[in-house]
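The lines below spell out each chain.
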Amino acid sequence: MASVVDEARAVSPVDVSDIALYVEDKWREPFAKLRAEMPVSWCPDSPYGGYWSVATHALVQAVELDPATFSSSWENGNIVIADPPPQSNLPNFIAADPPVHTAQRRVISPAFNPSQMSEREKVVKQRTRELFDGLPLGETFDWVERVSVPLTIGMLCILFDFPWEERHDLKRWSDYGGNVSPETATEEYRAEWMAQMQAMLARFDAEFAARKALPPSDDLLSRMVHSEAMGNLNPMERLANIALLIVGGNDTTRNSMSGLVEALHRFPGELDRLRADASLIPNAAQEIIRWQSPVTHMRRTCMRDIELGGQALRKGEKVILWYISANRDESVFADADVFDVRRENARRHVAFGHGIHRCVGARLAEIQLCTLIEEIVGRGIRIAPQGSAERLPSPFLHGFTHMPVRIVVG
Ligand code: HEM
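Residues numbered from 1 in each chain as written. Predicted model: local features only at pLDDT ≥ 70, side-chain atom pairs only at ≥ 80, totals over all residues. Heavy atoms only, no water.

A. Quick look at the side chain of Ser-71. Position of Ser-71 among the secondary structure elements: in strand S3 (residues 70-71). In this structure the side chain of Ser-71 is engaged in a polar contact, spanning 2.6 Å, whose partner is the side chain of Asp-97. Ignoring sequence-local partners within four residues, the contact set of Ser-71 consists of Asn-76, Asp-97, Arg-299, Arg-300, Thr-301 and Met-303. (Helix = DSSP H or I, 4+ residues; strand = E, 2+ residues; numbered from the N terminus. Polar contact = N/O pair within 3.5 Å; in protein donor to acceptor, adjacent residues only side chain to side chain. Contact = heavy atoms within 4.5 Å.)

If you want it as structure tokens, here you go:
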């Protein structure tokens, strides 16, 4: 039964956290309605409890720029729509507010600076080329399994200097770390989740110990272990920050790579444009990130009663920032559903977030996507979907579990 408070609220006609919307690819219309009619709306009942939806580009940015009112801290809630079960908070720096966030981010971000990135770029290009050399011609294969997953896992191995033979562990941990579907609520799942996370921590602790014994260097794990802000984290904080780096870098880029195939298939003229003018490739990488929006949302928790978009939000309530909707906002992006490699303002997307938490790995993701597009363009091939793709049952990550394709030359 709706409470008095609920009755005064703009109530969303659809629970946009419903995974069916993403599995069936039917999310565009409900979000268009929210943007047009109620940019801030209340969903009183969902598998994750009541939550506010913020649906427009301007309001998503406004919330992100006010971290004192809209907290990311795990102590106040969570950064995704689902609340963590008791005792399983992840106290990492994405789930922190200043000053903890500021100090820890300062340790991590130099590992993604331009000189570090241009070093990584060489290896990314080489790995991508080798992977394409091994893809079958004239045969159906799963793009997710053969391309998106290995390329992004390869990138993580490069980023952490992690042994290639252990890449399957990284993938499994990332899948567990990033899963926010309703199945995660069962006790059985939580027990398995904790076992996987402990195994990940033990493996990374061995790497930290090896780095600690050496003089400080520029690599990510060395920076962490030798820093004041991150050198003495407790086990749960270490676990949480590792999970952040491998989930943050993995599913997001993976699903952009799969989204690229779908976008090029739905808008076939765009590949011709890229072939005619390769200088469009960096913009195409941004456009695919906008178009796919691999992270559908981040969540904040309201720290005081406040008015937003004409609605009265109460202290303690969940506020969901729907990037997937903001990136389709027609007041910013003309014909927003169209994948357009020449879109002049593609970079204004908020798929990487905005403000103090804006993605630290953005440049690395861009390098990977540019490299992938260069490979497709340079080889003169098309990636032709064979039947329908299977989509991720998640209200948080927007992507694919399987995508049967064939490589077509010409
Ligand atoms: C933060 C998206 C790739 C690491 C974020 C946020 C989003 C995001 C939405 C939160 C922003 C906010 O709350 O305002 C993406 C997308 C990617 C991508 C769409 C690929 C297309 C990467 C990569 C890495 C990475 C390759 C590195 C391995 C992180 C980290 C944060 C973050 C560590 C936390 C930053 C902070 O809280 O200050 N990302 N990401 N991401 N991302 Fe990414």
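B. Summary view of the nonpolar core. Trp-143 and Phe-204 are the most contacted members of the largest nonpolar core, which totals 107 residues. Looking at this core element by element, the count peaks at 12 residues for helix H7 (residues 143-160). Within the second largest apolar cluster, 17 residues are counted, among which are Val-16, Tyr-22, Cys-43 and Ala-82. (Core = buried A, V, L, I, M, F, W, Y, C linked by side-chain atoms within 4.5 Å. Buried < 20%, exposed > 50% of the residue type's maximum accessible area, 1.4 Å probe, protein only.)

C. Representation of the site of the ligand. Not every one of the 30 residues close to the ligand is listed here, only the nearest: Glu-64, His-101, Arg-105, His-357 and Cys-359. The contact in question runs from an oxygen atom of the ligand to an N or O atom on the side chain of Glu-64, over 2.5 Å. At 3.1 Å, a backbone N or O of Gly-248 approaches a nitrogen atom of the ligand. Among the elements of the structure, helix H5 (100-108), H7, helix H11 (235-266) and strand S5 (297-302) are those that each provide at least two residues to the shell around the ligand. Take the shell around the ligand: its biggest share by element is seven residues, from H11. (Near = heavy atom within 4 Å.)

D. Structural detail: the pairing of strand S1 (residues 40-43). Of the two faces of S1, both are covered, the one formed by Val-40 and Trp-42 as well as the one formed by Ser-41 and Cys-43. Judged from the four bridges that link them, S1 and strand S2 (residues 51-54) form a sheet pairing that is antiparallel. Within S2, the residue paired with Ser-41 across the bridge is Ser-53. (Pairing = 2+ DSSP bridges.)

E. Structural view of the sheet that holds S2. The mixed open sheet is built from five strands, whose spatial order is S1-S2-S8-S5-S3. Each of the sheet's edge strands pairs with one partner strand only, and the pair in question is S1 and S3. For S2 and strand S8 (residues 318-322), the ladder comprises three bridges, and the chain directions are parallel. Bridge pairing in S8 places Val-54 opposite Leu-321. Across the sheet, helix H4 (residues 57-64) is in contact with S1, S2, S3, S5 and S8; its angle to S8 comes to roughly 130 degrees. (Axes fitted to C-alpha atoms, helices over the stretch in contact; angles between N-to-C directions.)

F. Structural context of the environment of Ala-36. With respect to the helices and strands, the residue Ala-36 is situated in helix H3 (residues 28-37). Overall, Ala-36 belongs to the exposed group, its relative accessible area being 65%. A C-alpha to C-alpha distance of 9.7 Å links Ala-36 and Glu-330, two positions 294 residues apart in sequence.

G. Broad picture of unusual backbone geometry. Residue Pro-99 is bonded to the preceding Pro-98 through a cis peptide linkage, with omega at 5 degrees. Relative to the assigned elements, Pro-99 resides in the loop between S3 and H5. Here the phi dihedral of Asp-25 falls at roughly 55 degrees; this positive angle occurs in a residue that is not glycine. Looking at the secondary structure, you find Asp-25 in the loop between helix H2 (19-23) and H3. With a relative accessible area of 17%, Asp-25 lands in the buried category. Even without being glycine, Ser-293 reaches a positive phi, approximately 45 degrees. The class of Ser-293 is buried, set by a relative accessible area of 0%.

H. View of the coordination of the iron atom of the ligand. Exactly one donor from the protein chain reaches the iron atom of the ligand: Cys-359 (SG), at 2.3 Å. Tracing the chain through its elements places Cys-359 in the loop between helix H14 (323-326) and helix H15 (362-378). (Donors = N, O, S within 2.8 Å, 3.2 Å for Na, K, Ca; no water.)

I. A look at the layout of surface pockets. Estimated volume of the second largest pocket: approximately 370 Å³. Along the wall of the second largest pocket there are 20 residues; nearest its centre are Asp-175, Asp-251, Arg-254, Leu-392 and Thr-401. For the lining of the second largest pocket, the elements supplying multiple residues, two or more each, are H7, helix H8 (167-178), H11 and strand S11 (400-402). With four residues, H8 is the largest single contributor of residues to the lining of the second largest pocket. Partitioned by chemical class, the residues of the lining of the second largest pocket number seven nonpolar, seven polar and six charged. (1 Å grid on protein atoms, 1.4 Å probe; cavity = no way out; pocket = protein on both sides within 12 Å on 5 of 7 lines; lining within 4 Å. Points joined across faces, edges and corners; volume = space filled by probe spheres on them. Nonpolar A, V, L, I, M, F, W, Y, C, P; charged D, E, K, R; others polar.)

J. Here's a closer look at the sheet that holds strand S9 (residues 381-385). In spatial order, the strands read S4-S12-S9; together these three strands make up an open sheet with antiparallel pairing. Of all the strands in the sheet, the pair left with one neighbour each is strand S4 (141-142) and S9. Two strands pair when backbone bridges link them, and S4 and strand S12 (residues 404-409) are joined in this way by two bridges, in the antiparallel orientation. Residue pairing in the sheet places Asp-142 in a bridge with Pro-404 of S12.

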